[in-house]
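Understanding the architecture of this molecule
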Amino acid sequence: MSDILFATGNKNKLIEIRRILQGTGYGVVSMKEAGYDVDIEENGSTFLENALIKARTICRLSGQITMADDSGLVIDALNGEPGIYSARYLGENTPYTEKNAIILERMAGVPEEKRTARFVCAMCAVFPDGRELTAVETFEGRIAFEVAGANGFGYDPVFYVPEAGCTSAELSEDDKNAISHRGKALRKMEALLKEALS
């Protein structure tokens, strides 16, 4: 099985993707590892549009099957923010410790039942012959009242998972991947790829 290119520069995301796809026979190589260090303008209006922009760009350059995802946090009480701007929210170089602190500040006084939020992951695979596979999954939860946990990355420490009774950052990698937006989207994509490549 030849490697699948993954259009991301996010090392944490790549680690998570490789872990989830472990044992499937699919090798995952980042676009940078494959020598494609390009700046892709994500100017779509949805997570799926942005994922497709990334995958189509690298597939066109490489002539290889290319996967991409676009994911982020959607907070109902903040009108869906940070949404598709999750990575660039409050400035691209703003550390997540600061982003999380500001989110908690903005959510001060919002009662528990109105702190609903979800992570969204749009995953796609683009083939050199023009075929496109897509999967969109969510991970439902709430915005916590304080930062907790040291696992995960990004907004995980402020994302409370009621079914687990802790934040996403307090879950083990395996437990998180079993229920997360990215885990669910990758498993769906794995099934679609098997079908497409058989």
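Residues numbered from 1 in each chain as written. Predicted model: local features only at pLDDT ≥ 70, side-chain atom pairs only at ≥ 80, totals over all residues. Heavy atoms only, no water.

Examining the side chain of Thr167
Keep this limit in mind: In DSSP terms, a helix is any run of H or I states spanning at least four residues, a strand is any run of E spanning at least two, and both are numbered starting from the N terminus. Using a 1.4 Å probe on the protein chains alone, a residue whose accessible area is under 20% of its type maximum counts as buried, one over 50% counts as exposed, and one in between counts as partly exposed. As used in this structure description, the phrase polar contact means that two N or O atoms lie within 3.5 Å; if the pair is within protein, one of them must be able to donate a hydrogen and the other to accept it, and residues adjacent in sequence are counted only when both atoms belong to side chains. By definition, residues are in contact when any of their heavy atoms lie within 4.5 Å.
You can see Thr167 is positioned in strand 7 (residues 166-167). Relative accessible area serves as the criterion here: at 2%, Thr167 is assigned to the buried category. Engagement of the side chain of Thr167 in a polar contact is seen with the backbone oxygen of Ala148, the distance being 2.7 Å. When near neighbours in sequence (up to four residues on either side) are disregarded, Thr167 contacts Ala144, Ala148, Gly149, Asp156, Pro157, Phe159, Tyr160 and Val161.

What about the packing of aromatic side chains?
Let me state the cut-off plainly: Here the aromatic set is Phe, Tyr and Trp, taking the six-membered ring for Trp, and pairing holds for ring centres within 6.5 Å; pairs whose planes are under 30 degrees apart are stacked, those over 60 apart are edge-to-face, and all others are tilted.
In the structure shown here, the tally under the stated rule is 4 aromatic pairs. Note on Phe119 and Phe139: the rings are 6.3 Å apart at their centroids and 25° apart in plane angle, and the pair reads as stacked. On the criterion of sequence distance, the pair formed by Phe119 in strand 4 (residues 116-126) and Phe139 in strand 5 (residues 132-143) is long-range, its members being 20 residues apart. For the pair shown, Phe119 and Phe139 are each scored as buried.

Some points on the environment of Thr46
Along the chain, Thr46 falls in the loop between strand 2 (28-30) and helix 2 (47-62). Overall, the relative accessible area of 34% leaves Thr46 in the partly exposed class. Here the alpha-carbon distance between Thr46 and Phe119, two residues 73 residues apart in the chain, equals 13 Å.

Section: the layout of surface pockets
We apply this condition: Think of a 1 Å grid over just the protein atoms. A cavity is a set of points where a 1.4 Å probe fits yet cannot get out, a pocket is an open set with protein on both sides within 12 Å along at least five of seven lines, and lining residues have an atom within 4 Å of a point. Grid points are joined across faces, edges and corners, and a volume is the space filled by probe spheres set on the points. In this count, Pro and Cys sit with the nonpolar residues alongside Ala, Val, Leu, Ile, Met, Phe, Trp and Tyr, while Asp, Glu, Lys and Arg are called charged and the others, Gly among them, polar.
When its volume is computed, the largest pocket comes out at roughly 930 Å³. Lining the largest pocket are 36 residues, and of these Asn10, Lys13, Glu42, Lys54 and Ala87 sit closest to its centre. Secondary structure elements with two or more residues in the lining of the largest pocket: helix 1 (11-21), strand 3 (66-75), helix 3 (96-106) and helix 5 (181-197). At 4 residues, the largest contribution of residues to the lining of the largest pocket is made by strand 3. A breakdown of the residues in the lining of the largest pocket according to their chemical character gives 11 nonpolar, 10 polar and 15 charged. Each pocket or cavity is described by its volume, and for the second largest pocket that value is around 190 Å³. Lining the second largest pocket we find Asn12, Ile15, Glu16, Asn151, Gly152, Phe153, Glu173, Lys176 and Asn177. Where the lining of the second largest pocket is concerned, the elements lending two or more residues are helix 1 and helix 4 (173-179). In terms of residue class, the lining of the second largest pocket is made up of 2 nonpolar, 4 polar and 3 charged.

Observations regarding the nonpolar core
Rules: We define a nonpolar core as any set of buried Ala, Val, Leu, Ile, Met, Phe, Trp, Tyr and Cys residues linked to one another through side-chain atoms lying within 4.5 Å.
Formed by 20 residues in total, the largest nonpolar core has its most connected members in Phe6, Met67, Met123, Ala125, Leu186, Met189 and Leu193. Elements with a minimum of two residues in this core: strand 1 (4-6), helix 1, strand 4, strand 5 and helix 5. Leu73, Met107, Ala117 and Phe139 belong to the second-largest nonpolar core, a separate cluster that totals 18 residues.

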